[in-house]
Amino acid sequence: MSDIQLFRLASGTAHELAGRAAAVEKHLQSLIEAQMPTFLGVRFLATEYVTGKTHKGRIDSLGLDENGCPVIVEYKRHSNENVINQGLFYLDWLLDHRAEFQWLVMEKLGKDVAEQIDWSGTRLLCIAADFTRYDQHAVQQIPRNIELIRYKLFGDDLLLLDLVNSVSVGDATVAKAASSASGAEKAKAGGKDKTAEDQLGQAQPIISEVYEALASQLLSLGDDVQEKQLKQYIAFRRLKNFACVVPYKDKLLVLLKLDPATVVLEDGFSRDVSGIGKWGTGDVEVCIRDKADLQRAMPLIERSYAES
């Protein structure tokens with residue numbers, strides 16, 4: 001059950017704000033869809049998407065996240081509604097109808113974005129007023145990228161989103177079915193560029209050590225931190241990315257979700273990349289070559305985590 005409490009502090013007195021669920025499920029859905037990049041780091045594509053005569057369903061929201069991965073969002077007002085099973089049904093449908101989703105992305109976001117879809121990170125987000133302990137146990141047994149997000153409304157102008165449980169798999173397409181078709185698609189997606197996994201495998205020993213130390217410190221920032229291996233970088237996120245690590249043979253480039261104007265940039269260590277094409281998300285880039293650089297970078301990384 002939810003144990004979140006919110007207080008307003010005024011004149012030395014604390015007043016508890018009463019939380020509530022949405023009166024109508026559609027209200028919650030419309031609220032999230034209108035500000036999806038802000039709330040979830042997801043670009044909105046479609047609402048109430050019809051899955052056809054065979055499946056006879058409607059996906060609440062479809063989107064593409066900041067890492068180029070397809071996202072299904074399902075909403076429920078209460079904890080006693082089976083949002084997880086319904087979401088899994090649509091998740092399987094999506095992985096079986098990739099061409100249809102790619103066409104939708106092409107229509108909404110353009111051909112270049114559609115060609116860069118990363119199916120390995122396909123995700124299901126379940127947003128509900130609360131989840132039972134059985135829900136939280138169940139998702140841990142399912143080999144899919146699933147996130148349970150609890151919401152609560154306070155008054156007319158406050159919305160709280162709380163990531164209560166998440167499961168991440170290496171490749172959602174492999175979890176779905178180890179078919180030759182998906183294998184061919186994955187090989188094609190890799191292209192000529194080395195993947196982040198390749199770069200780490202070929203990195204100097206000191207860089208491998210620094211990456212392990214960096215990953216350990218990032219994951220220790222909170223129970224809500226997730227590590228996701230993508231094609232060209234490794235994303236560390238809560239509900240949204242807060243750090244993206246691009247490995248090279250002799251360095252790690254870490255992109256952070258910070259306003260460059262609020263950071264004292266140091267030549268050779270940190271720079272503003274807001275107007276530069278790059279892998280990953282974030283406007284401040286930090287270059288880490290050893291453990292001393294890592295310790296210099298941690299205050300900025302912690303800021304990005306706190307502000308994400």
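Just so it is clear, the model here is predicted, and its values are computed rather than measured.

Draft legend 1. Main features of the packing of aromatic side chains. The full count for this structure, using the stated rule, is 4 aromatic pairs. Each ring, one from Phe242 and one from Tyr305, has its centre 5.3 Å from the other, and the planes form 75°; the classification is edge-to-face. Of this pair, Phe242 sits in strand E12 (residues 241-247) while Tyr305 sits in helix H11 (residues 291-307); the two residues are 63 residues apart in sequence, bridging distant segments of the chain. Here the two residues Phe242 and Tyr305 agree in accessibility, since each one is buried. A cation over a ring is seen here: Arg238 above Tyr305, with NZ or CZ 4.0 Å from the ring centre.

Draft legend 2. Focus on H11. Over its 17 residues, H11 runs 24 Å from end to end, which matches the ideal 24 Å to within 8%, given 1.5 Å per residue. On its buried side, H11 packs onto helix H10 (205-219), E12, strand E13 (252-256) and strand E15 (284-288). A distance of 3.1 Å separates the backbone nitrogen of Ala292 from a side-chain oxygen at the start of H11, and that oxygen is part of Asp290.

Draft legend 3. Inspection of the environment of Leu124 at higher detail. As for its placement among the helices and strands, Leu124 is situated in strand E7 (residues 123-128). Each C-alpha atom of the pair Leu124 and Cys244 lies 21 Å from the other, and the pair is 120 residues apart in sequence. Residues within four places of Leu124 in sequence aside, it is in contact with Ile72, Glu74, Ile84, Gly87, Leu88, Leu91, Asn145, Ile146 and Glu147.

Draft legend 4. Just the sheet that holds E15, in detail. Across the sheet, which stays open at both edges, the 6 strands sit in the order E10-E11-E12-E13-E15-E14 with antiparallel pairing between neighbours. For this open sheet the edge positions go to strand E10 (226-229) and strand E14 (270-272), each flanked by a neighbour on one side alone. Averaged over all adjacent pairs, the angle separating strand axes in this sheet is 20°, with direction ignored. The pairing of E12 with E13 spans 5 bridges and is classified as antiparallel. If you follow Val246 over to E13, its bridge partner there is Leu253. Contacts from H11 reach E12, E13 and E15 within the one sheet, and its direction differs from that of E15 by about 155°.

Draft legend 5. Representation of the packing of H10 against H11 in the model. Following both chains from N to C, one finds H10 and H11 inclined at 25°, their axes separated by 11 Å at the closest point. Viewed along their axes, H10 and H11 adopt a mutual orientation that is roughly parallel. Helix-helix and strand crossings are classified by hand; for H10 and H11 the assignment is right-handed. Here Glu209, Val210, Ala213, Leu214, Gln217 and Leu218 of H10 come into contact with H11, specifically with Lys291, Leu294, Gln295, Met298 and Ile301. Here the residues of the contact of H10 with H11 sort into 7 nonpolar, 2 polar and 2 charged.

Draft legend 6. Focus on the packing of helix H3 (residues 83-96) against helix H4 (residues 98-109). Where H3 contacts H4, the two axes come as close as 5 Å, and the packing angle between them is 85°. For the element pair H3 / H4, the angle class is roughly perpendicular. In this structure, H3 uses Trp93, Leu94, Leu95 and Asp96 to contact H4, whose residues at the interface are Arg98, Glu100 and Phe101. Looking at the contact of H3 with H4 residue by residue, the classes come out as 4 nonpolar, no polar and 3 charged.

Draft legend 7. Quick look at the side chain of Glu147. By the element assignment, Glu147 lies in strand E8 (residues 145-154). In this view, Glu147 contacts Arg123, Leu124, Leu125, Cys126, Leu163, Asn165, Ser166, Gln226 and Arg237; residues no more than four positions away in its chain are not counted.

Cut-offs applied
- Residues numbered from 1 in each chain as written.
- Predicted model: local features only at pLDDT ≥ 70, side-chain atom pairs only at ≥ 80, totals over all residues.
- Heavy atoms only, no water.
- Phe/Tyr/Trp six-rings, centres within 6.5 Å; stacked < 30°, edge-to-face > 60°.
- Helix = DSSP H or I, 4+ residues; strand = E, 2+ residues; numbered from the N terminus.
- Buried < 20%, exposed > 50% of the residue type's maximum accessible area, 1.4 Å probe, protein only.
- Lys NZ or Arg CZ within 6 Å of the ring centre and 35° of its normal.
- Expected span 1.5 Å × (residues − 1).
- Contact = heavy atoms within 4.5 Å.
- Polar contact = N/O pair within 3.5 Å; in protein donor to acceptor, adjacent residues only side chain to side chain.
- Pairing = 2+ DSSP bridges.
- Axes fitted to C-alpha atoms, helices over the stretch in contact; angles between N-to-C directions.
- Parallel < 35°, antiparallel > 145°, perpendicular 65-115°, else oblique.
- Left-handed = near helix turned anticlockwise from the far one by under 90°.
- Nonpolar A, V, L, I, M, F, W, Y, C, P; charged D, E, K, R; others polar.

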